[in-house]
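Listed below, chain by chain, are the residues.
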4 protein chains.
Amino acid sequence: MTFEFSGPEPLYAQLADELQRRIEAGVYPVGQRIPSEAEIREEFGVGRTTTRAAVEILRGKGRVVTAKGRGTYVIAPSPAE
Amino acid sequence: MTFEFSGPEPLYAQLADELQRRIEAGVYPVGQRIPSEAEIREEFGVGRTTTRAAVEILRGKGRVVTAKGRGTYVIAPSPAE
Amino acid sequence: MTFEFSGPEPLYAQLADELQRRIEAGVYPVGQRIPSEAEIREEFGVGRTTTRAAVEILRGKGRVVTAKGRGTYVIAPSPAE
Amino acid sequence: MTFEFSGPEPLYAQLADELQRRIEAGVYPVGQRIPSEAEIREEFGVGRTTTRAAVEILRGKGRVVTAKGRGTYVIAPSPAE
DNA sequence: GTGGTCTAGACCACC
DNA sequence: GTGGTCTAGACCACT
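As the structure is a prediction and not an experimental result, all values here were calculated from the model.

Draft legend 1. Looking closely at the protein's contact with DNA strand F. What surrounds DNA strand F is a group of 36 residues, the closest being Arg52(A), Arg48(B), Leu11(D), Tyr12(D) and Thr49(D). Interatomic distance of 2.8 Å between a backbone N/O atom of Glu37(A) and a phosphate oxygen of DNA strand F. Within the side chain of Thr49(D), one N or O atom sits 2.4 Å away from a base nitrogen of DNA strand F. Looking at the surface near DNA strand F element by element, the count peaks at 3 residues for helix H3 (residues 48-60) of chain D. Looking at the surface near DNA strand F, its residues break down into 5 nonpolar, 15 polar and 16 charged.

Next up, the structure:
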């Protein structure tokens, strides 16, 4: 993996950016699940709070929806507007 | 079928509500069997645990009784008094 | 799939033979899970009793071990003897 | 560690037995915290549900009390009398 | 970073 | 072929 944290931006924001980049790139395809919180934590070496804050940003942007007990899924940017 | 899961309420609770609605509406008549857990799973697209949790709620409310190997039956609100 | 039931041998015995063939052929590798009862039922179009009887034969032959809630796994023929 | 799961007893029951054995042996001393659920999962290689079911048994037996966000603690067999 | 809740799906006992 | 039990693992609330 080539991603590295850097600069003054908060970790959770950098992480959110990286996750969104992967969504745009199709690494996490629309309709599919993104890695679980535990997997994200392991891959990026971050804590749970950071992970959740990053995912929360994507949720706020409408890029993912989260289903308790099942996972967080990528959705289309703005289906009908 | 017009039912859809939505909102933050757990799936099993929404499913229990829907099943109860059908009992009140007579879709599942008193004295009759409600669909098997396998049929509920298929119709609503949920897992076994969710199905059982929903039926368990109706059991707790005294709206159904379940007989191992035979099925789950609708009973009257105040059975015998 | 090319498998077909035929002849006077009981279904569950034919099914056990086919499953064992697949184990020998490495279709179900040692240490891996064989298909679930539901998957076997669907693929071969048989009932649960037939499925369970077939798997029970493999268990008796020591070709698989079954772990409740997790699945049935292929084990080595006779590790130490 | 020498502990191994074996036999037909459910994993969670075997795990509860092992944990209780360690409490009796003083490995987990009275008044101290037992390993977190994550640590138990890692050591015994089981899932979250199995871990929680095992600890729940000890809770039911009154051998431990659990404090949300802090951990699970060993208490004396007859706490205060 | 802990325990809490919820979901999916495996095999089992019984009718 | 029904409901019963057990296991794994997801996200959540809180310390």
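Draft legend 2. Quick peek at the protein's contact with DNA strand E. In the vicinity of DNA strand E lie 37 residues, with Leu11(B), Tyr12(B), Thr49(B), Arg52(C) and Arg48(D) positioned nearest. Backbone atoms, meaning sugar plus phosphate, form 68% of the atoms of DNA strand E positioned within 4 Å of the protein. A distance of 2.4 Å is found between a base nitrogen of DNA strand E and a side-chain nitrogen or oxygen belonging to Thr49(B). Between DNA strand E and Arg52(C) there is a distance of 2.5 Å, counted from a phosphate oxygen to a side-chain nitrogen or oxygen. If you list the elements that add at least two residues to the surface near DNA strand E, you get helix H1 (11-24) and helix H3 (48-60) of chain B, helix H3 (48-60) and strand E2 (71-74) of chain C together with H3, strand E1 (64-67) and strand E2 (71-74) of chain D.

Draft legend 3. Layout of the pairing of strand E1 (residues 64-67) of chain C. Sheet topology places E1(C) next to E2(C); 4 bridges connect them, and they run antiparallel. Bridging across to E2(C), Val65(C) finds its partner in Tyr73(C).

Draft legend 4. Main features of the packing of helix H2 (residues 37-44) of chain A against helix H3 (residues 48-60) of chain A. Residues and elements named next belong to chain A. H3 packs onto H2 with a crossing angle of 115° between their chain directions and a minimal axis gap of 9 Å. It follows from the interaxial angle that H2 and H3 lie roughly perpendicular. In terms of crossing hand, the pair formed by H2 and H3 is right-handed. Residue-level contacts link Glu-37, Ile-40 and Arg-41 of H2 to Arg-48, Thr-51, Arg-52 and Val-55 of H3. For the contact of H2 with H3, the residue count by class is 2 nonpolar, 1 polar and 4 charged.

What counts, and at which threshold
- Counting starts from 1 at the beginning of each chain's written sequence and moves along it residue by residue.
- Key to labels: chains lettered from A, ligands numbered from 1, both in the order written.
- Local features are withheld for residues below a pLDDT of 70 in this predicted model, meaning they are given only at 70 or higher, and side-chain atom pairs are given and counted only at 80 or more; totals for whole chains, interfaces and linings count all residues.
- Derived side-chain values reflect all non-hydrogen atoms in the structure, with water molecules and hydrogen atoms excluded from consideration.
- If a single non-hydrogen atom of a residue is within 4 Å of a molecule or strand, that residue counts as near it.
- Pairs of N or O atoms are called polar contacts if they sit within 3.5 Å, as long as, within protein, a hydrogen donor faces a hydrogen acceptor (for residues adjacent in sequence, only side-chain-to-side-chain pairs).
- What counts as a helix is a DSSP run of H or I of at least four residues, what counts as a strand is a run of E of at least two, and both are numbered from the N terminus.
- Each residue receives one of three labels: charged for Asp, Glu, Lys and Arg, nonpolar for Ala, Val, Leu, Ile, Met, Phe, Trp, Tyr, Cys and Pro, and polar for the others, Gly being one of them.
- Pairing between strands is defined by DSSP: at least two bridges between them are needed.
- In this analysis an axis means a line fitted to C-alpha atoms, helices contributing only their contacting stretch, and an angle means the value between N-to-C directions, from 0 to 180 degrees.
- For classification, angles of less than 35 degrees are called roughly parallel, those exceeding 145 degrees roughly antiparallel, those between 65 and 115 degrees roughly perpendicular, and all remaining angles oblique.
- The handedness criterion is simple: a crossing whose near helix is rotated anticlockwise from the far helix by less than a right angle is left-handed, and one whose near helix is rotated clockwise is right-handed.
- Contacts are residue-level and defined by heavy atoms, with any inter-residue pair within 4.5 Å sufficient.

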